[in-house]
Structure formats: C-alpha cells, structure tokens
Amino acid sequence: MNSSAMLYDFTGIIAQFNIEEGDFEISGFGSGHINDTYLVKYPGSTHPGYLLQKINSFVFKNIDGLMNNMLCVVTHLKHKIGETCGNPDREVLTLIPTKGGKYYYKDLQNNYWRMTCFLADTKSYDLVTTKQQAYQGGVAFGRFQYLLSDLDPAFLIDTIPDFLNIEKRLFDFRKAIERDTAGRLKEVKEEVDFLESRAAAMNEIPKLGKANILPLRITHNDTKFNNILLDKDGNIQCVIDLDTVMPGYIAFDFGDAIRTIINTAAEDEADLNKIRLNIPLFAEFTKGYLSETRSFLTEAELKSLMMGVLLLPYMQAVRFLTDYLEGDVYYKTHFAGHNLQRTHAQIQLFKMLELNKKELENIVQTEWNNLKAGVALKVPVIKQDA
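Structure report, in brief. (Residues numbered from 1 in each chain as written. Predicted model: local features only at pLDDT ≥ 70, side-chain atom pairs only at ≥ 80, totals over all residues. Heavy atoms only, no water.)

**Brief notes about the pattern of salt bridges**
Alright, step 1. By the definition in use, this model includes 19 salt bridges.
Alright, step 2. Residue arginine 174 is joined to glutamate 196 by a salt bridge in which the shortest nitrogen-to-oxygen separation is 2.8 Å. Of this pair, arginine 174 sits in helix H5 (residues 166-179) while glutamate 196 sits in helix H6 (residues 189-198); the two residues are 22 residues apart in sequence, bridging distant segments of the chain.
Alright, step 3. By relative accessible area, which is 38% here, arginine 174 ends up partly exposed.
Alright, step 4. Looking at glutamate 196, the relative accessible area reads 29%, which means it is partly exposed.
Alright, step 5. The salt bridge partner of glutamate 301 is arginine 217, with a shortest N-O separation of 2.6 Å. Taken as a pair, glutamate 301 in helix H10 (residues 299-325) and arginine 217 in strand S6 (residues 217-219) lie far apart in primary sequence, 84 residues in all. We note that glutamate 301, like arginine 217, is buried. (Salt bridge = Lys/Arg side-chain N within 4 Å of Asp/Glu carboxyl O. Helix = DSSP H or I, 4+ residues; strand = E, 2+ residues; numbered from the N terminus. Buried < 20%, exposed > 50% of the residue type's maximum accessible area, 1.4 Å probe, protein only.)

This is the structure we're talking about:
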C-alpha cells in the first residue's frame, strides 16, 4: 500500500458501510488512474470481500449525480439480467449502502468513498491479444448497451461535462493555439494544419445527433478492454468502471474500443512504422458487438460506427496537442515531448484508419448482413502504409 493510503482512517471509513464488522485486511488494488481502490477482506469469512474506492472529486465534481447514475444503471442491469435468468450478483456490480442509507461516505477530510462487492475468480487484461478476447469485448460492450437501451438517458447526468464533445475539444484546441502559452506553436504547424484539415468531417456525429438522426442513448464512454471482467473460462462476466456512464452516442463506445484494439502499438509509440491495423481483432470485436446490438441499432447508428472509429483517435490527438501547447498541464508526462509523441502516434493511427475506411466499413456492413444470414465473415487484405 502506498504511504498516502496510511493517511486514511480505514477502520472509521469501513465502519460507515452496511457490512459485517470485525478485523479486516486491506491492500491496494488495480491499476486505475482516476480513483484509488483498495481490496477489503475479512480473514476466515467465506465472503470474497469488498472494493473500497476513494472517488476523485477533482475529476467528478457532482458526487451525488455520479452515484445516482451508478445506482440507476446497476439497478436496471440487475433487473434485466434477472429477467433472463442470469446471475445479477455476478454479472453486475453491487453497490454497498452506508448505514445512513446513502451510497457514498464523505469523511472529515472531504474525501468521498464508495464500496462494491468484490467479484472473485475474474480477470481483466490491459491488452487484447487474441481473437477470442476481441470477440468477448464486443459482446460485453454490445450487451451492456443492449440492456440499457430501454433506460431513458434523461435519468442520468453528465458526470464529466463535454467529455466526448469534439466541438468543445476543438474550441479548447484553437484557444491553445491562440494563446501559445508554452511558446511551442512554431514546432507543430504541420500537426495543427493536419488536424484542422479534418475538423469539419469530425463534427458529423454531433450534427446528426442535433438533427435527431442519431438517438441519444446511455453509453459507457470508456470502453478500454480492462473495463471488462472475464470469468475463469475467458468469457464475459461483468462490465466495470461505471463512472463515465452517461448520455452519449453509440459510435463513441464502438470507436473508443476500436482505438485500442486495432492498434498494433502503444498509444504513445515513438516508431510510427510500428503502428499498423490488426484487422482480425477489429472483425472479431465487430462480430461480437453487432451480435448483441442488432436488435435495436438503427441504420443511421450502424453507419455512424466508422465515424466513431475515426473520431476517437482524432479527438485524442487534439487533446494531446492541446495539452502540449498549454505546457503539459493535464496529462502526466514521463519525458520532454511526451504529449507531442502521443499526438504523432494518434495522428498516424487516424491516417491508417482513414486510408482503410472503405474496407473497414465493408467489414461492419458485411458482418451485419452475415449475422442475419448466418454466414462467416471473410476478412479482406488491408493497406498498412499510410
């Protein structure tokens, strides 16, 4: 456990929640970058334990709204899974109330805490390495959206306002160019020109949303593969990290998942030649995703999926370059020019996706048709030189 954790009165904090009392063991858990998470276990108990989280109230300003979102979502998911004879306690996070009936506790240092049941015998992975994993990832996020497709988005707040709002990201980007706070604009003219050249096309999803062509739905908005728990057999069990679940567009979740699954290199890869497209993983994720969403997806949403695939790496490049221009004030950097290196990697990924846009669209459409007809998908040869 890190030294900062020793500052917390865990005995007093845990005593606020409606669980058994007694001697416990506590240890740091997971690799999350936003909230601090601890595993609480009771020696000798048959209960697998609990996860105690300190909610990052700098990132999440409205804790009441955040926890209302989570409670609304998990309640709905448990109800829907129970109707299908599933196991709600294994397939959905279980929030533990405090003894006062709320689902979070504010300590004397103004830290906010919540607790969930620990799901034993599960595993998660930071990287997708097999087609089976990619398929299960598609099933997981597709099923998550399907189960929430009949829940009114108006019940939820935006836990991080403008989180995936490309119009706001571009506004901030242009303000950073105008201010040039760190005096770096002269170094990045080429990158700025490239991103500006694609800006109009990247506004298509919000335009379609405002025109009521794309319906607003409840989306996860952070569809990294490590936000899925798999069971001991490698099958989907539970979608986790529900802090960013809020109203959004289907294409956001699909695009963000693909951004990490399809890239053969790291998000900040320095050697751009290593950034290539893993098409078999794209095809398997798409197959799993559409198998769960085809009952409610509209034709407009289906066509928007590739818009999301292009938008998410583009938006990430805009955010990295904005931070670079502002002097690296938002993202943690590990060396000089880290945000610029990240920008280059995301632009390169965008270029590869743009080059193969038609082929990838064909995979989505063909898989959509094949799922209905029960035909196996054949993956085409993809260009790997941007």
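**A closer look at the pairing of strand S8 (residues 236-239)**
Alright, step 1. Relative to S8, strand S7 (residues 228-230) runs antiparallel, the two being bridged by three bridges. Paired with leucine 230 across the bridge in S8 is isoleucine 236.
Alright, step 2. From the end of S7 to the start of S8, which pair antiparallel, there are five residues, and glycine 234 there has a positive phi angle of about 85°. (Pairing = 2+ DSSP bridges.)

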